[in-house]
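Understanding the architecture of this molecule
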Amino acid sequence: MNTNRVMILGASGYVGGELLRLVAHHPGLEVAFACGRGEAGKAVAEVHPHLALAYPDLTITEYDPLNLPEVDLVFAALPHGTTQALAPYLLASGKPFVDLGADFRLDSAEDYATWYGEPHAAPQHLDDFIYGIPELNRDAIKGAKAVATAGCYATAAILTMKPLVDSGLVEAGSIIVNGMSGVSGAGKVPSPKTHFDSVHGSLGAYGLLNHRHTGEMQMALGQDVLFNPHLVPMDRGILVTCTAKSAGEGDPLAALAEAYADEPFIHISETAPATKAVAGTNAVHLSARRCARTGNLLALGAIDNLGKGAAGQMIQCANLMLGLEEGAGLTTAGVWP
Ligand SMILES: NC(=O)C1=CN([C@@H]2O[C@H](COP(=O)(O)OP(=O)(O)OC[C@H]3O[C@@H](n4cnc5c(N)ncnc54)[C@H](OP(=O)(O)O)[C@@H]3O)[C@@H](O)[C@H]2O)C=CC1
Ligand SMILES: CC(=O)N[C@@H](CCC(=O)OP(=O)(O)O)C(=O)O
């Protein structure tokens, strides 16, 4: 397999660290530049000690969007808003670009303003990006120069509910997504809400009624969604427990099995999924059933927020864009316990 040289923007962050970890074992990618901001000048082994053996000589560097080096693909795992300023340069360079921030995920500048509370700074480039969930948009991603990979909660909720919606099993507007995330979903910089003392031994809801991932869920599912996120005292993982009123008699588990029969990263089971089984992987574990008493639908999905919810999905998209095998570098099995 040819080796493609990649540049990682945000390499000193949590997702950037996960990208570095996955690229270290990828047969078709190698890290040419690992870029950061405040951590520039430090060794990768200092910023990410778990990667010391994989990258003994690599240093985090600054980057200049006006002088992008010769690379085969750019990954960006930067705070929301940052790539709106970078996109014009990256797109002009013609280099394949996989973005993880929310800047180019939504269909319109109006939707972005609704969910992010600020005007979009580069609305002319919204149409240049394909929404990055390969199980939904594989062919479009293959031909894309720029992909905006989905948010972590959104990935879990969309993959869990879309087959049920597409099979006509869901009464429109009745979907409720209860999402539970590990604290790494909030990035590496602690806040009063993510401080150890706030999270340890506690479970709380946040972002009620207006969490920004609701917009992505509604865009992909084509109907209103009530999304209830919760912060869980664990490092990694997202579980979504979704309910909806039933609009048909079909079996929701069969709908999942049929929709994802050929999907290498999706595992369907009668057993309710849990986050630990997907930790460190690109796997999506799904289950669904109908409540015999109420007739309501229940569907569950588990992913690693840093894996399929972030770096894993970015690499899956990059593989498609570069013409590599879709699962290259993503075959890691989980760990247990
Ligand atoms: N964590 C998760 O599970 C998921 C995160 N995301 C999204 O991915 C992106 C990255 O998340 P995450 O890795 O958790 O965040 P972190 O806070 O852990 O890392 C942010 C990275 O961006 C760099 N950075 C910060 N501010 C700027 C800036 N103004 N200009 C350039 N670089 C900057 C930091 O560099 P330095 O530290 O050197 O200053 C660091 O490398 C975010 O948009 C996030 O919403 C999406 C899905 C899941
Ligand atoms: C636990 C936690 O705080 N999770 C983040 C998840 C979103 C995120 O990381 O951003 P993306 O939109 O890029 O996925 C949050 O609720 O804001």
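Residues numbered from 1 in each chain as written. Chains lettered and ligands numbered in written order. Predicted model: local features only at pLDDT ≥ 70, side-chain atom pairs only at ≥ 80, totals over all residues.

1. Side note on the environment of Ala-302
This is how it is decided: Numbering of helices and strands starts at the N terminus; helices are DSSP runs of H or I of at least 4 residues and strands are runs of E of at least 2. Buried residues are those with 20 or more other C-beta atoms within 10 Å of their own C-beta, exposed residues have 12 or fewer, and partly exposed residues lie in between; C-beta atoms are placed from the backbone. Remark: residues whose backbone-derived C-beta atoms lie within 7 Å of one another are considered to be in contact.
Mapped onto the elements, Ala-302 comes out in strand β14 (residues 297–303). Looking at Ala-302, the number of C-beta atoms within 10 Å reads 27, which means it is buried. Residues Ala-302 and Ile-238, 64 residues apart in the sequence, show an inter-C-alpha distance of 5.6 Å. Once you skip the residues sitting within four places of it in the chain, Ala-302 turns out to touch Gly-237, Leu-239, Pro-273, Ala-274, Thr-275, Ala-277, Val-278 and His-285.

2. Comments concerning the UniProt feature "domain: Semialdehyde dehydrogenase NAD-binding" (unreviewed entry) in the chain
Condition: UniProt positions are given in the numbering used here, feature names are shortened, and annotations may be inferred rather than shown by experiment.
UniProt marks residues 5–144 with the feature "domain: Semialdehyde dehydrogenase NAD-binding" (unreviewed entry), using the numbering shown here. End-to-end, the C-alpha atoms of residues 5–144 are 18 Å apart, and along that stretch the chain is 31% helix and 17% strand.

3. Focus: the site of ligand 2
To be explicit about the condition: Any residue whose backbone-placed C-beta atom lies within 6 Å of a molecule or strand is treated as near that molecule or strand.
Near ligand 2, the surroundings consist of Gly-101, Ala-102, Gly-151, Cys-152, Tyr-153, Ser-181, Gly-185, Ala-186, Gly-207, His-213, Pro-229 and Leu-231. Every element with two or more residues in the shell around ligand 2 is listed here: α6 (152–166) and β10 (225–231).

4. Quick word on the packing of helix α5 (residues 134–142) against helix α10 (residues 307–322)
What counts here: Here the axes come from fitting lines to C-alpha atoms, over the contacting stretch only for helices, and the angles between their N-to-C directions go from 0 to 180 degrees. For classification purposes, angles smaller than 35 degrees are called roughly parallel, those larger than 145 roughly antiparallel, those between 65 and 115 roughly perpendicular, and all remaining angles oblique. Here a crossing is taken to be left-handed if its near helix is turned anticlockwise relative to the far helix by less than a right angle, and right-handed if that turn runs clockwise.
Two elements in contact, α5 and α10, have axes separated by 9 Å at closest approach and are oriented at 30°. By the angle between their axes, α5 is roughly parallel relative to α10. For the crossing formed where α5 meets α10, the hand is right-handed. Contacts from Pro-134, Arg-138, Ile-141 and Lys-142 in α5 reach Gln-316, Cys-317, Leu-320 and Met-321 in α10.

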